[in-house]
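One letter stands for each residue in the lines below.
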Amino acid sequence: QVQLVESGGGLVQAGGSLRLSCLASGRTFRAYVMGWFRQAPGKERDFVAAINWSGGSTDYADSVKGRFTISRDNAKSTVYLQLNSLKPEDTAVYYCAAGSVISSTPSHYAYWGQGTQVTVSS
């Protein structure tokens, strides 16, 4: 069992930045691929980024490439998502998730946090 708690969301103007954090507890953090997803009202949960156990392999949704950066600190059991050049269409609840393979499919992740709201104003 892994418990995930996101933080760092908030309200920011377009063009601004935020850094999201996801603290894991429970089973060995370094054993898991970590992913970030987001869900806007009335829409499906979409893949944002994922990172393997060592941080040496990452994947991003096309919509965030060059603007968002995923990283992890295994010593702190924390995964981060740096959000730069934010756009109003980035507004969503952002979720972190733990799984066994880098994947853009939500069902491939076994554990989920409760989410943190990111709102980007125009």
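Since the model is a prediction, treat every value here as computed from it, not as a measurement.

**Describing the state of the cysteines**
And step 1. Within this structure, the stated rule accounts for one disulfide.
And step 2. In this model, C22 is linked to C96 through a disulfide, with the two sulfur atoms separated by 1.9 Å. Sign of the S-S torsion, about 45 degrees for the bond between C22 and C96, identifies this disulfide as right-handed. Placement of C22 in strand β3 (residues 18-26) and of C96 in strand β9 (residues 92-99) is noted, with a sequence separation of 74 residues between them. Accessibility classification places C22 together with C96 in one group, the buried group.

**Thoughts on the sheet that holds strand β7 (residues 68-73)**
And step 1. Spatial ordering of the open sheet is given by β1-β3-β8-β7, a layout of four strands whose pairing is antiparallel. Strands at the two margins of the open sheet, each flanked by one partner only, are β1 (2-7) and β7. Taken pair by pair, the neighbouring strands of this sheet meet at an average axis angle of 15 degrees, ignoring direction.

**Quick notes on the packing of aromatic side chains**
And step 1. Summed over the entire model, instances satisfying the criterion amount to five aromatic pairs.
And step 2. Here F37 and Y109 contribute two aromatic rings whose centre-to-centre distance is 5.2 Å and whose plane-to-plane angle is 75 degrees, an arrangement assigned as edge-to-face. Within this pair, whereas F37 is found in strand β4 (residues 33-39), its partner Y109 is found in strand β10 (residues 109-112), the two being separated by 72 residues in sequence. The pair F37 / Y109 is uniform in exposure class, with both members buried.
And step 3. An angle of 55 degrees between the planes, with centres 5.0 Å apart, marks the rings of F37 and W112 as tilted. Of this pair, F37 sits in strand β4 while W112 sits in strand β10, and the two are 75 residues apart along the sequence.
And step 4. Residue F37 is classed as buried on the basis of its relative accessible area of 0%.
And step 5. You can call W112 partly exposed: its relative accessible area is 26%.
And step 6. Each member of the aromatic cluster is reached from another via a ring pair, and the members are F37, F47, Y109 and W112.
And step 7. Against the face of W112 rests R45, its NZ or CZ located 4.9 Å from the ring centre.

**With respect to the pairing of strand β5 (residues 45-51)**
And step 1. The buried count for β5 comes to five of seven residues, which makes it a mostly enclosed element.
And step 2. Looking at chain direction, β4 and β5 are connected through six bridges and run antiparallel. Looking across to β5, one finds that Q39 is bridged to R45.
And step 3. Hairpin connection, β4 to β5: the antiparallel pair is bridged by five residues, and G42 has positive phi, about 75 degrees.
And step 4. As paired strands, β5 and strand β6 (residues 58-60) are joined by three bridges and run antiparallel to one another.

**A closer look at the side chain of R38**
And step 1. On the secondary structure map, R38 appears in strand β4.
And step 2. The exposure class assigned to R38 is buried, which follows from its relative accessible area of 13%.
And step 3. With residues up to four places along the chain from it excluded, the contact list for R38 reads E44, R45, D46, V48, S63, V64, F68, E89, D90, A92, V93 and Y94.

Reading the values: the criteria
- Residues numbered from 1 in each chain as written.
- Predicted model: local features only at pLDDT ≥ 70, side-chain atom pairs only at ≥ 80, totals over all residues.
- Heavy atoms only, no water.
- Disulfide = S-S within 2.5 Å.
- Helix = DSSP H or I, 4+ residues; strand = E, 2+ residues; numbered from the N terminus.
- Buried < 20%, exposed > 50% of the residue type's maximum accessible area, 1.4 Å probe, protein only.
- Pairing = 2+ DSSP bridges.
- Axes fitted to C-alpha atoms, helices over the stretch in contact; angles between N-to-C directions.
- Phe/Tyr/Trp six-rings, centres within 6.5 Å; stacked < 30°, edge-to-face > 60°.
- Lys NZ or Arg CZ within 6 Å of the ring centre and 35° of its normal.
- Contact = heavy atoms within 4.5 Å.

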